[in-house]
Amino acid sequence: MRDFGNLAFDKKTMKENVPYPVYLKWKEAARNNATLDRETADSIAHAMKAWAIAKGATSYTHWFQPLNGKTATKKTAFLNRDDKHNPINRFSGKELIIGEPDASSFPSGGMRSTFEARGYTYWDLTANSFILDKVLYIPSVFVSFYGEKLDKKLPLIESMNMISKEASKVCNLFLKDEPTYRVKAKVGLEQEFYLIDKKYFDQRIDLEYSGMTLVGSDPMVEKELVSHYLGAIPQRVNDFYEDVNSKLYDLGIYMEAEHNEVGPNQFEIAIMFENANISVDNNQLLMYILEKTALEHDLVCLLKEKPFKNMAGSGKHNNYSLATNYGKNLFSPGKDPKNNMIFLLFLSAMVEVCNKYQNLIRIAASSVSNDYRLGGNEAPPAIISMFIGCDLEEVLKAIANDDFEEKIILNKVKIPHLGEMSTDSSDRNRTSPIAFTGNKFEFRMLGSSQSAADLNTVINIAMAESLEKIYQRLCKVDEESLKDEAYGVIKEIYLENKNILFQGDGYSDDWKEEAEKRGLENYPTFLDALKAGKDAGVYDIFARVGIFSKKEIDSFINVEFEDVIKFFSSQLEIINNLIHQEILPSAMREIKVIKDYLSFVENEKLRLRAVKINEAVGELLDYSDKISMIIDKSEGILDIEEKAFYLQKETRKVADDFRKISDLLEKLISRENYSMPNYVDMLKTL
C-alpha cells in the first residue's frame, strides 16, 4: 500500500530528509514569518531535489496564482552542466526560494509598463511542495519588480497573519489557562461540477470556448432530478472518482465526501479543512485533477457556474472557522452558548463583518459568470443575509433586550429503537448566502470556477478589524467587569447589525422588498456590485490595514472590469461562430431535405415548416450583423467602466434573443441534420 501523501514534501518528509537543526529553523520560519538563511535554504533544496528525483521528477516549477484566479507555472529542468560540461542535477536554495517568470502576459490592471514586466515568485514555505506529472511544484507568491502584489495568495497569507494577531488578543482576555499565540483561519471547500462525454463536448463550440451552452432548448429530462441527488453514482463516474481519490491520496489531500448533485450529471467533492492558504492551494489542485482525470475517462469536467440553462448551477461552498494553537474552535458554541463569551464575541464579529461589508463579500464571492447562477432556486440570492439558527438568534435577543423572554427551542425527533434524538437547529435555511452550520460559517455564493482566495482574504481582514475594536473596548476594564462589558459589546453589535439576520425564504420576491426596507444591498450583477463598491470606497479597508496600496487597489478593480469586457466580447464572437458554423449549415441541410421531399409530393404544412426555418435563419443573420456593430462600437469606447456596462447590456440582450431563435430552430431541425449534440445527448446518464 502506498504511503498517504507519498508525492508531497510535507512536514513528515521534511523531518526525515533534512538535519534536525535545519528542520527546526524551517519550522520556526514557517510559524513566525522569519527569514531562512542561505545555508538552511540550500540544505532544504538539496533534500527536496534528491527526494523529487527519486520519485521520478525531472524538473521543478514555482506554482503561483496570478490575478486571473487560475494557476501558472514555469518549468525548469534539474539537469544542467557543470564547469566541465558534464551532466549534473542542480537545485540551490536560491532557486527554491525565488523564481523569475515573465509577468508581462498576466493581468495587472495597468499597474506596470511592459518594460517593467519582470515578476518574481517566492516560496510559500508554509505549504507542501509536491510532485505532479514528474514535476516538483513549489507553492509560491507572485510580486512585481517593485514589490506590488500580482497574485491572490500573498494577500491571503497577510490577512491570515492579521486575524491571528487580533483574534489571539481577544482570546487571551478570557483563556488565561491556555495562552493563545496563534489563531488559524481554517477553510473547507466543497466543489461542484458537471461531467459530460468528451465526444459531445468536442462538438460544442460554446462549451469549448466559454464553458457554457449559449444555445440549447429545454431538455426532455427532469429539471430537479431528485432521483439523481445523493443517488447511486454511475459506474463510469465511480471509476473516475477512484482515480481522482488516488491522486489526492498521493498528494496528501484528504477527501471528505463525494456524491451526486441535483442536476443531471452534476457531482460534488469536498476536501477536509486546512489552513486557508493550504485549502485554496488544495482546491486549485483538485480542479486541475478533476479536469485532467475526466479526460483520461473520455469525459470533460465542466467547472463553470451555469453550463446548462435551466439546470442546477455549480458553486464552491466556503466553510470558514477559526482555531487556536490549542485546537479550540472559536465558533463552537458549547453546551451553554449564552455564557460562552469567546463564542459570542466571535459570532458577533462575524455578524458585523457580513453586514458592514456586504458589497465586498458580494464581489469577492462572485464573478460575471456566477451571475447566471446567483438568484436561481438552486443557489443563494445575490442579496447578502445570514442565518445563524433560531437558538442563537434567541440568545442574542436575550442579551440585547433585558426584558426579552428567551424561547427554549427543543429540536427532537423520535427514531425507532433509538428513542428521542436531538437535531441541529443551525443550517436549516438552504436559501441563505451565509449560514452558521454548528461550528463554522458556510459562505454559499462562491462560484465553482473561482479561486476562494479573495473571499477568505476579505473575511480575514474584516474579522481582524472587528476583533481589534472589540479588544480595544475590553482591554480597558478590569477582570471583574470583563463579562458585563463583553455583553455590552455583543448587545451593541447585535442591535446595529441585526438587519442582516434572516430566517425566511431568500428566493421569494417578498424577501427583496423586505431586504430593501432593512437597508440591505441588492446588486443584480457582479458589474453593478463592482461599480457601486468602487464609488463607495469599500476597498479602502485593504489600504487601511496595509495589504494593498491605492495603486494596487485601482489595478485590481481594473482587472475585474477587464474580465467583464473579455467575457462579453468572447460571448459575442462565440455566438457569431455558432450562427455561421453550426446553426446556418444545419438549417440549410434541413431545408434541402424538405425541398427534395416536396419535389415528389405536396405538403403545405411541411412547406410552411421550411418557410419558418428560413425566416429564423434570416433573423439570425440580422443578429450577426448587429453583433459586428456592437463589437465595432465597443472598440471605440475608451472608458473601461462605460465599455463594460455597454457590452454587458448589449450582449445579454443579443444572447437572449439569439437563444430564443436558435432553440426554436433546434426543435424544427431533425437530429440527423442538426450538427450539435443537444441537452438530451449531453445530460443523459453516463
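Reading guide: rules and limits
Residues numbered from 1 in each chain as written. Predicted model: local features only at pLDDT ≥ 70, side-chain atom pairs only at ≥ 80, totals over all residues. Heavy atoms only, no water. Helix = DSSP H or I, 4+ residues; strand = E, 2+ residues; numbered from the N terminus. Rg over C-alpha atoms; globule rule 2.2 N^0.38 Å. Buried < 20%, exposed > 50% of the residue type's maximum accessible area, 1.4 Å probe, protein only. Contact = heavy atoms within 4.5 Å. Salt bridge = Lys/Arg side-chain N within 4 Å of Asp/Glu carboxyl O.

Looking at an unreviewed UniProt entry, the chain carries the name Glutamate--ammonia ligase, catalytic domain protein, with the source organism given as Anaerococcus tetradius.

### Examining the overall build of the chain
Across its full length, the chain holds 21 helices and 20 strands. For 686 residues, the compact-globule formula gives about 26 Å, and the C-alpha radius of gyration of the chain, at 28 Å, lands near that figure. Expressed as lengths along the three principal axes of its C-alpha atoms, the size of the chain is roughly 100 × 85 × 65 Å. Counting over 686 residues, the chain shows a buried share of 55%. Taking the intrachain contacts of the chain between residues at least 6 apart in sequence as the baseline, contacts between residues at least 24 apart amount to 74%.

### Some words on the pattern of salt bridges
A complete count under the given rule lists 32 salt bridges for this structure. Across the pair Glu 16 and Lys 12 runs a salt bridge whose closest N-O atoms are separated by 3.0 Å. In this pair, Glu 16 and Lys 12 both sit in helix 1 (residues 11-17), 4 residues apart, roughly one turn of the helix. Among the residues examined, Glu 16 registers a relative accessible area of 55% and is labelled exposed. What makes Lys 12 exposed here is its relative accessible area of 56%. The partner of Lys 149 in a salt bridge is Glu 158, with the nearest N and O atoms 3.5 Å apart. Under the relative-accessibility criterion, Lys 149 is labelled buried at 8%. A network of salt bridges, in which partner residues are shared, links Asp 133, Lys 247, Lys 292 and Glu 296.

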